[in-house]
Amino acid sequence: MDPARAEATPLPLRERKKVRTRQALVDTALRLFTERGFDGVTLDELCDAVEVSKRTFFRTFSSKEDVATAPLHDLWGVFLDELEEAEPDDGVPLPEVLRDALLRALDGMPGEEWAHRVLLSRRLAALNPSMDAHGLAFCDRTGRAALDIVVRRFDLGGAPQDPSRLHAHLAVDLLVAAWHRGLEMWTGGPSAPTRAGLAAAFRRADAAVSESLALTVHPRRS
């Protein structure tokens, strides 16, 4: 069960306990890493703080990097679900389908506490190369998963050299680029972090992608 949807879906007691444990690990990790530095907290110390075993930790996360980047991983997991279920009208451009799926995923994140977790995670990633590398690898896997979904669901060609698959791949790449620019603007902004603010920043960046594709340049005249 995706933790981002757990609040809206009745769960058995055992599953509710798993969701609570997972969230406690994320919140405690982000707090401790922020207070003491990512390298200043061992996995044993994190597990002791949440009162869980390392075995329990590894049933949910693969590493310290994984737990520290979980808030955005949750978003992209819901994005893939939204993309799988999308039923756009005929003739809708693929970039719009991708954008709208991501905005629906953002809207489904559980409250403003999620936005605060994202902010803490991004600030930590800016200081820790291992977290940044982990995030880039996750981004690559998610982009490939999104491409596989749209190729399969919208019959855009299977071979790598197929023009429609290439166009779909580029559409996914542009979505990811717009997301990163929007996230960057939001993280560095002066206002308190909110989910709506992140959505607005992404919308601005997404619109700027289209404008940049139409940008013309002229040689400087001496």
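(A) Looking closely at the packing of helix α1 (residues 13–36) against helix α7 (residues 112–127). Orientation of α1 relative to α7, taken along the N-to-C sense of each, is 45°, at an axis distance of 10 Å. Of the possible angle classes, the one that applies to α1 and α7 is oblique. For the crossing formed where α1 meets α7, the hand is left-handed. Contacts between α1 and α7 involve Q23, V26, D27, L30, F33 and T34 from the former and R117, L120, S121 and L124 from the latter.

(B) Up close: the side chain of T69. Among the secondary structure elements, T69 is positioned in the loop between α4 (64–68) and α5 (70–85). There is a polar contact of 3.4 Å between the side chain of T69 and the backbone oxygen of D66. Of the polar contacts made by the side chain of T69, one reaches the side chain of H73; its length is 3.2 Å. Not counting chain neighbours up to four residues away, the residues in contact with T69 comprise S121, M131 and H134.

(C) Broad picture of the nonpolar core. In terms of nonpolar packing, the biggest core is built from 44 residues, with L75, F79, L83, L98, W114 and W179 touching the most fellow members. For this core, the secondary-structure elements that each account for two or more residues are α5, α6 (94–107), α7, α8 (129–153), α9 (163–187) and α10 (195–213). Of the residues forming this core, the biggest block, nine residues, is contributed by α9. W179 has contacts with L72, L75, W76, L102, L106, L198 and F202, leaving out every residue within four places of it along the chain. Counting 22 residues, the second-largest nonpolar core is a separate cluster that includes L32, F33, F57 and A68.

(D) Region of the structure containing the environment of M109. Mapped onto the elements of the fold, M109 is located in the loop between α6 and α7. By relative accessible area, which is 2% here, M109 ends up buried. Separated by 34 residues in sequence, M109 and L75 have C-alpha atoms that sit 6.9 Å apart.

(E) Representation of the environment of D81 within the structure. By the secondary structure assignment, D81 is in helix α5. Given a relative accessible area of 30%, D81 falls into the partly exposed group. For the pair D81 and E65, spaced 16 residues apart in the sequence, the C-alpha separation amounts to 23 Å.

(F) Inspection of unusual backbone geometry at higher detail. Unlike most non-glycine residues, E51 shows phi in positive territory, near 65°. Within the secondary structure, E51 sits in the loop between α2 (43–50) and α3 (54–60). Of note, the phi angle at D155 is positive, near 55°, even though the residue is not glycine. Looking at where D155 falls in the secondary structure, it is placed in the loop between α8 and α9. Taking relative accessible area as the criterion, D155 reaches 70% and is therefore assigned exposed.

(G) Geometry of the pattern of salt bridges. Scanning the entire structure with this criterion turns up 13 salt bridges. A salt bridge links R22 to D74, with the nearest nitrogen and oxygen atoms 2.7 Å apart. In this pair, R22 is assigned in helix α1 and D74 in helix α5, connecting sequence segments 52 residues apart. Of the two residues, R22 and D74, neither departs from the other in class, the shared state being buried. Between R152 and E84 there is a salt bridge; the shortest N-O distance is 2.7 Å. Within this pair, whereas R152 is found in helix α8, its partner E84 is found in helix α5, the two being separated by 68 residues in sequence. Residue R152 is classed as exposed on the basis of its relative accessible area of 52%.

Conventions and cut-offs
- Residues numbered from 1 in each chain as written.
- Predicted model: local features only at pLDDT ≥ 70, side-chain atom pairs only at ≥ 80, totals over all residues.
- Heavy atoms only, no water.
- Axes fitted to C-alpha atoms, helices over the stretch in contact; angles between N-to-C directions.
- Helix = DSSP H or I, 4+ residues; strand = E, 2+ residues; numbered from the N terminus.
- Parallel < 35°, antiparallel > 145°, perpendicular 65-115°, else oblique.
- Left-handed = near helix turned anticlockwise from the far one by under 90°.
- Contact = heavy atoms within 4.5 Å.
- Polar contact = N/O pair within 3.5 Å; in protein donor to acceptor, adjacent residues only side chain to side chain.
- Core = buried A, V, L, I, M, F, W, Y, C linked by side-chain atoms within 4.5 Å.
- Buried < 20%, exposed > 50% of the residue type's maximum accessible area, 1.4 Å probe, protein only.
- Salt bridge = Lys/Arg side-chain N within 4 Å of Asp/Glu carboxyl O.

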